[in-house]
Amino acid sequence: MRWSEFLIPTTKETPKDATAPSHKLMLRTGLVRQLAAGIYSYLPLGYRSLRKIERIVREEMNRAGGIELHMPVLQPIEIWEQTGRTAAMGDVLLRLGGPEGDWRTQTVLGPTHEEVITDISRAYLNSYKQLPVNLYQIQVKFRGEARPKSGVLRTREFLMKDAYSFHADIESLDEGYQKMYDAYCRIFSRCGLPYVAVEAESGAIGGDASHEFMVLTDAGEDLVALSENNDYAANTERATCAPIPQDESEMKPVEEVHTPDQKTIDEVTAFLGTKPEQMIKTLIYVETSKNQNDKTSKNQNVKKSKPVVVLVRGDHEVNDNKLNRVAEASLELADDQTIKQLTGADVGFAGPHSLKDSHRLIVDQAVAVLRNGATGANKTDYHVNNLNPVRDFPLTGDHVTVGDVRTVTDNDASPTGSGSTIRLRKAIEVGHVFKLGSKYSEAMKATYLDPNGKARPLIMGCYGIGLNRIMASAIEAHHDDNGILWPMSIAPFEVLIVALDPRDENVMATAGKLHDELEAAGLDVLFDDRDERAGFKFKDADLIGVPLRITIGRKSLADGVVELKARDSESLEKLAPEAVKDKAVTFVRSGLEKLMP
Ligand code: ATP
Ligand code: MG
């Protein structure tokens, strides 16, 4: 491909609103162009990389036994109602508008395809003899993301590989899940991504177990907890840690302190002369109204109207997922009126001792081992110091639960018991595998006949990869101040031939011949034939990050050599033009081989 005949709109300008390195570089190299918030075109260079990623994903899915199909973007809302997911998806589910009674009002743009695939399986997977089976597609998804971010890392339209597996039993699901897990490892290795697999929360997809594949970078929106000795890795949405040991300090008598206008933890700790880790945050929750109407809620017996008082340490944050699991209910923060009624005080002065109405009490493990904590006095403008669990508020009883309801922090210890320290790191989620179980098949009545002729719900798994995120994460992981350093496997071009003196016939003839030979050898070659200065071309070469650069100029050619330079190295190699072809072929092949798992 000749640069002059291709479209690579590189620019020196760094867009102001771009902060993530991949976002800046993708715009500067002309890989993508933003059309509207969260909506991007892939320009020719970017599209070449995306297609290579797609090819790797397809090869590995096929190797793992996946069967490709293609499902529609347009989906009737009816199937989403069957699984009860219209509420869970909220504004993420994009509906086509239209006049009342029009078909458009009943149609959504697919954000994912569990419902559609379950409709297919309900029709065609009727016997245990057809199981297990794994069906996948590579297709565009639409999500009403509230905050599209960091270029193509979070967009409203993106390309996903989504796979769905169907099984007769849990053992088979476990096997199918492991196969996908292994395939994902191969895919990300082949794409040159440094990744970690972490335990994950299932979110709106639902299901029993899941792992996310993460690329560690500050541009990521996820926070993962990794132990220093690598024995634990989990998304902080669900990560746990080793219990904090009991504080053995002597209990002091409770004292009430007048704290006018001191409301935040920082204000109160400063005023009381204590530390955030000695504070007890007393938060009041109620069950969400959504949950109270949910007939499938496991927790029908809990008195819905009772407020739930939650205690965490002042330096800790409540983790909603973990709290809901411990509470066996879906909770939300109570309104001011509920808080005032329960505490008999203004908002900001709640404490677990002397509460007015009946309530549930959930005590985080770190609070349960605390001594002489400070918290609100249930009296406006007052706090109490030296509050102690058991003595001053209960840790046992019908309405009390002690559990792990907080988000882990830096320096917590690994829950494995190894004592290894946990570190929090930002990360991009590039893939996610779930064990769904029978959530969708039960909701949509997708059953198969077992060997005894008994109808049973299909057991399912689902597996997603964001192709655009692979591309952006690869750039996050591989770039320097001058531009991208593409992994060979997903580089838009593998070799760049730069002609330094484009008006010199000999230079152009040699470069053109080499270009044709390398293309004939199966390499992806870009030939910078533009009539531009050497410095300008080298800058562009570094920016677009083609792994191997071959420079051909009048002077060196007169010396009987051309120059080879790898993008990730400073050293130049001079070779006779006849020797270049073999050298380039070997360079590209070994670059690809190095990425093979
Ligand atoms: P996130 O938590 O980042 O919003 P998700 O957990 O909702 O993502 P999944 O439903 O698990 O995403 O989708 C599977 C894969 O699709 C993700 O692992 C990610 O790589 C990709 N993906 C999801 N949402 C987006 C998006 N808005 N833009 C680009 N890729 C996305
Ligand atoms: Mg996910």
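These figures come from a predicted structure and were not determined experimentally.

What counts and what doesn't
Residues numbered from 1 in each chain as written. Chains lettered and ligands numbered in written order. Predicted model: local features only at pLDDT ≥ 70, side-chain atom pairs only at ≥ 80, totals over all residues. Heavy atoms only, no water. Phe/Tyr/Trp six-rings, centres within 6.5 Å; stacked < 30°, edge-to-face > 60°. Helix = DSSP H or I, 4+ residues; strand = E, 2+ residues; numbered from the N terminus. Buried < 20%, exposed > 50% of the residue type's maximum accessible area, 1.4 Å probe, protein only. Lys NZ or Arg CZ within 6 Å of the ring centre and 35° of its normal. Pairing = 2+ DSSP bridges. Near = heavy atom within 4 Å. Polar contact = N/O pair within 3.5 Å; in protein donor to acceptor, adjacent residues only side chain to side chain. Areas by Shrake-Rupley, 256 points an atom, 1.4 Å probe, with all protein chains shown as cover. Domains from an automatic or database assignment. Contact = heavy atoms within 4.5 Å. Axes fitted to C-alpha atoms, helices over the stretch in contact; angles between N-to-C directions. Arc of directions from axis to C-beta. Core = buried A, V, L, I, M, F, W, Y, C linked by side-chain atoms within 4.5 Å.

**Q** Looking at this model, I keep getting lost on the packing of aromatic side chains. Mind explaining?
**A** To describe a pair of aromatic rings, you give the distance between the ring centres and the angle between the ring planes. Taken as a whole and judged by the stated rule, the model has eight aromatic pairs. Measuring from centroid to centroid gives 6.4 Å for Tyr 177 and Tyr 463, while their planes differ by 50 degrees, and the two rings are tilted. One end of the pair, Tyr 177, is in helix H6 (residues 170–190); the other, Tyr 463, is in strand S24 (residues 459–466), and 286 residues separate them in sequence. A relative accessible area of 5% places Tyr 177 in the buried class. Considering the side-chain rings of Tyr 195 and Phe 213, the 6.0 Å spacing of their centres and the 50 degrees angle between planes classify their relative orientation as tilted. Placement of Tyr 195 in strand S9 (residues 195–199) and of Phe 213 in strand S10 (residues 209–216) is noted, with a sequence separation of 18 residues between them. On the accessibility criterion, Phe 213 (0% relative accessible area) is buried. An aromatic cluster is built from Tyr 181, Tyr 184, Phe 188, Tyr 195 and Phe 213, whose rings are joined through pairwise contacts. Directly above the aromatic system of Tyr 382 lies the positively charged group of Lys 379, at a separation of 4.3 Å from the ring centroid.

**Q** Help me out: how do you make sense of the sheet that holds strand S6 (residues 107–109) in this one?
**A** Sheets are built from strands paired through backbone hydrogen bonds, the pairs being either parallel or antiparallel. Across the sheet, three strands lie side by side as S4-S6-S5; this open sheet has antiparallel pairing. Strands with a single pairing partner mark the edges of an open sheet, and in this sheet they are strand S4 (74–76) and strand S5 (94–95). As judged from the three bridges shared by S4 and S6, these two strands associate in the antiparallel manner. From the neighbouring strand, Gln 75 faces S6, where its bridge partner is Val 108.

**Q** How should I be thinking about the site of ligand 1 in this particular structure?
**A** In the vicinity of ligand 1, 13 residues are found, and the nearest of them are Arg 143, Glu 145, Arg 154, Thr 155 and Glu 429. Here a nitrogen atom of ligand 1 and a side-chain polar atom of Glu 145 are 2.8 Å apart. Surface burial for ligand 1 is 87%, taken as the share of its 580 Å² of free accessible area covered by protein chains. Among the elements that take part in the shell around ligand 1, strand S21 (residues 422–437) stands out by supplying four residues, more than any other.

**Q** Would you explain the pairing of S10 in this entry?
**A** A regular strand carries its side chains on alternate faces of the sheet. Of the pairings in the sheet, the one linking S9 to S10 comprises five bridges and is antiparallel in character. From the neighbouring strand, Glu 199 faces S10, where its bridge partner is His 211. When S10 meets S21, the two strands line up antiparallel, connected through eight bridges. Looking at S21, one finds that Leu 216 is bridged to Ala 427.

**Q** Would you mind going over the side chain of Ser 556 with me for this structure?
**A** Structurally, Ser 556 can be placed in helix H16 (residues 554–558). Exposure remark for Ser 556: the relative accessible area of 15% places this residue in the buried category. In this structure the side chain of Ser 556 is engaged in a polar contact, spanning 3.3 Å, whose partner is the backbone oxygen of Gly 553.

**Q** I tried to follow the domain arrangement of the protein on my own but got confused; where do I start?
**A** In many reports, interface size means the accessible area that the parts give up when they come together. Here the protein is partitioned into domain 1 (18–192 + 439–475), domain 2 (255–403) and domain 3 (493–595). For domain 1 versus domain 2, the separation of C-alpha centres amounts to 40 Å.

**Q** Would you explain the environment of Ile 465 in this entry?
**A** Residue position: Ile 465 is located in strand S24. Given a relative accessible area of 0%, Ile 465 falls into the buried group. For the pair Ile 465 and Ile 138, spaced 327 residues apart in sequence, the C-alpha to C-alpha distance is 9.2 Å. Look past the residues within four positions of Ile 465 in its chain and what remains in contact with it is Leu 159, Met 160, Lys 161, Tyr 184, Ile 187, Phe 188, Val 430, Gly 431 and Ile 470.

**Q** Which parts of the structure should I look at to understand the sheet that holds strand S19 (residues 382–387)?
**A** Strand order in the open sheet formed by three strands is S13-S19-S18, and the pairing between neighbours is antiparallel. Both outer strands of the open sheet, strand S13 (255–258) and strand S18 (373–376), are each paired with one neighbouring strand and no more. Pairwise comparison of adjacent strand axes, ignoring direction, gives a mean angle of 30 degrees for this sheet. Relative to S19, S13 is paired through four bridges, and the arrangement is antiparallel. Bridge pairing links His 258 to Tyr 382 in S19.

**Q** Looking at this structure, I do not really get unusual backbone geometry. What am I missing?
**A** Leaving glycine aside, a negative phi is the common case for residues, and trans is the common case for peptide bonds. A cis amide bond links Leu 131 to the next residue, Pro 132, at an omega of -5 degrees. With a phi angle near 55 degrees, Ser 150 is a residue other than glycine that sits in the positive phi range. As for its placement among the helices and strands, Ser 150 is situated in the loop between strand S7 (133–142) and strand S8 (157–167). For Ser 150, a relative accessible area of 14% corresponds to the buried category. Even without a glycine there, the phi angle at Asp 381 is positive, about 70 degrees. Along the chain, the position of Asp 381 falls in the loop between S18 and S19. The exposure class of Asp 381 is partly exposed, given its relative accessible area of 25%.

**Q** Looking at this structure, how should I read the pairing of strand S1 (residues 32–36)?
**A** Both S1 and strand S2 (residues 39–42) contribute to a ladder of four bridges, which runs antiparallel. From the neighbouring strand, Gln 34 faces S2, where its bridge partner is Tyr 40.

**Q** Just to check I follow, could you spell out helix H9 (residues 320–327) for this structure?
**A** Residues that lie three or four places apart on an α-helix share one face, since the helix turns once every 3.6 residues. Among all positions in H9, only Lys 322, Leu 323 and Ala 327 are buried. The arc enclosing the buried residues of H9, seen along the axis, measures out at 130 degrees, which places them on a common side. Tucked into the core, H9 has its buried residues touching strand S14 (280–287), strand S15 (308–313), strand S16 (331–333) and strand S17 (360–364). Phi for Glu 328, located one or two positions after H9, is positive at around 50 degrees.

**Q** Teacher, can you tell me more about the nonpolar core here?
**A** In this structure, Leu 31 and Phe 188 are the most contacted members of the largest nonpolar core, which totals 61 residues. Per-element tally for this core: the top contributor is H6, with eight residues. Taken domain by domain, this core gets at least three of its residues from each of domain 1 (18–192 + 439–475) and domain 3 (493–595). Once residues lying within four places of it in the same chain are set aside, the contact partners of Leu 31 are Met 26, Ser 41, Tyr 42, Leu 43, Leu 45, Gly 46, Met 471, Ile 475, Ile 484 and Trp 486. Formed by 24 residues, the second largest nonpolar core is a distinct cluster that contains Tyr 164, Ala 446, Tyr 448 and Met 460.

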